[in-house]
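Secondary and tertiary structure notes
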Amino acid sequence: MLTKPFFFEQDNWIYLDNWPSSIQSGKKISLNDEKGVNLYNSIQERLKEDATLYQIISNNQKRFEHYLVKQRLGQGAFRVLVTDAYNRQCAVSGEKILPALEATHIKPYSKEGPNDVKN
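Structural notes, computed from the coordinates. Keep in mind the model is a prediction, meaning the values are calculated, not measured.

We now examine the overall build of the chain. Scanning the chain from terminus to terminus reveals three helices and zero strands. In the chain, the succession of helices and strands from N to C terminus is α-α-α. Per-residue burial over the chain gives 13% buried out of 119 residues. Relative to all contacts within the chain whose residues are 6 or more apart in sequence, the contacts with residues 24 or more apart total 41%. When the accessible surface of the chain is split by element, carbon and sulfur atoms take 52% of a total near 10700 Å².

Below is the structure:
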């Protein structure tokens, strides 16, 4: 699971031969074959071309200002459990793009709602 994804600008997108145009669930490319090595090298080249992005990735720096937020312990695990329980799609709309999904409680956790997938 990706924890800190980033996206290149469209003019720096990497196009692969024989990659289906539709979204592939579980599609993998191995670094043990030529296609995987070429993809990895292409990513590294683009990172070096974009000095700001390369510095952020290589130094683990943030692109945004710091701010204070109260984050409930176990929030990340709860999100994974809920998305798995609903087959990685929205229970209302059926949307399947994971970054667009939010795991929420029916009865708010802050108002004593149970921290349970059924809620």
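To continue, consider the pattern of salt bridges. By the definition in use, this model includes one salt bridge. A salt bridge links Arg88 to Asp84, with the nearest nitrogen and oxygen atoms 4.0 Å apart.

In this section: a negative patch on the surface. Taken together, the side chains of Glu9, Asp11, Glu45, Glu49 and Asp50 define an acidic patch exposed on the protein surface. Looking at where Asp50 falls in the secondary structure, it is placed in the loop between helix H1 (34–49) and helix H2 (51–59).

This part takes up H1. With 16 residues, H1 should cover 22 Å at 1.5 Å per step; its first-to-last C-alpha distance of 23 Å lies within 8% of that length. Within H1 the residues assigned to the buried category are Gly36, Ser42, Arg46 and Leu47. Buried residues in H1, looked at end-on, bunch into an arc of 135 degrees, giving them a common side. Opposite the buried face of H1, by more than 90 degrees, sit the exposed residues Glu34, Lys48 and Glu49. Sitting at the head of H1, Asp33 places a side-chain oxygen 3.2 Å from the backbone nitrogen of Lys35.

With that out of the way, let us pick up the packing of aromatic side chains. Scanning the entire structure with this criterion turns up one aromatic pair. For the pair Trp13 and Tyr15, a centre-to-centre distance of 6.5 Å together with 55 degrees between the ring planes defines the contact as tilted. What makes Tyr15 exposed here is its relative accessible area of 63%.

On to the environment of Leu101, then. Tracing the backbone shows Leu101 in the segment after helix H3 (75–85). When the C-alpha positions of Leu101 and Cys90 are compared, they lie 6.6 Å apart, and in sequence the two are eleven residues distant. Setting aside chain neighbours within four positions, we find Leu101 in contact with Arg79, Arg88, Gln89, Cys90 and Glu95.

Glancing now at the side chain of His105. Within the secondary structure, His105 is located in the segment after H3. By relative accessible area, His105 is classed as buried at 16%. There is a polar contact of 3.0 Å between the side chain of His105 and the side chain of Asn115.

Thresholds applied
Counting from 1, residues in each chain are numbered in the order their sequence is written. Given that this is a predicted model, residues contribute local features only at a pLDDT of at least 70 and side-chain atom pairs are listed and counted only at 80 or more, while totals for whole chains, interfaces and linings are drawn from all residues. Working from all heavy atoms in the structure, the side-chain values ignore hydrogens and water. Secondary structure elements follow DSSP: runs of H or I no shorter than four residues count as helices, runs of E no shorter than two count as strands, and numbering proceeds from the N terminus. Each residue is assigned to one of three classes by its accessible area relative to the maximum for its type, calculated with a 1.4 Å probe on protein chains only: buried under 20%, partly exposed between the two thresholds, exposed over 50%. In this description, contact between two residues means that some pair of their heavy atoms is separated by no more than 4.5 Å. Surface accessibility in these figures is a Shrake-Rupley result with a 1.4 Å probe; residues are shielded only by whichever protein chains are displayed. A pair is scored as a salt bridge if a Lys or Arg side-chain nitrogen falls within 4 Å of a carboxyl oxygen belonging to Asp or Glu. To count toward a patch, a residue needs a relative accessible area above 30% and no salt bridge. Like charges then connect within 9 Å, nonpolar side chains (Val, Leu, Ile, Met, Phe, Trp, Tyr) within 5 Å. Lys and Arg are tallied as positive, Asp and Glu as negative. Neither His nor the chain termini are counted. Every charge is mapped to an atom, namely NZ of Lys, CZ of Arg, CG of Asp or CD of Glu. For a helix, the expected span equals 1.5 Å multiplied by the residue count minus one. Throughout, the arc means the angular range of directions from the helix axis out to the C-beta atoms. Pairs of N or O atoms within 3.5 Å make up the polar contacts considered here, provided that, within protein, one atom can donate a hydrogen while the other can accept it, and that residues adjacent in sequence are counted only when both atoms are side-chain atoms. Put simply, two rings from Phe, Tyr or Trp (the six-membered ring, in Trp's case) pair if the centres are within 6.5 Å, and we call them stacked under 30 degrees between planes, edge-to-face over 60, tilted for the rest.

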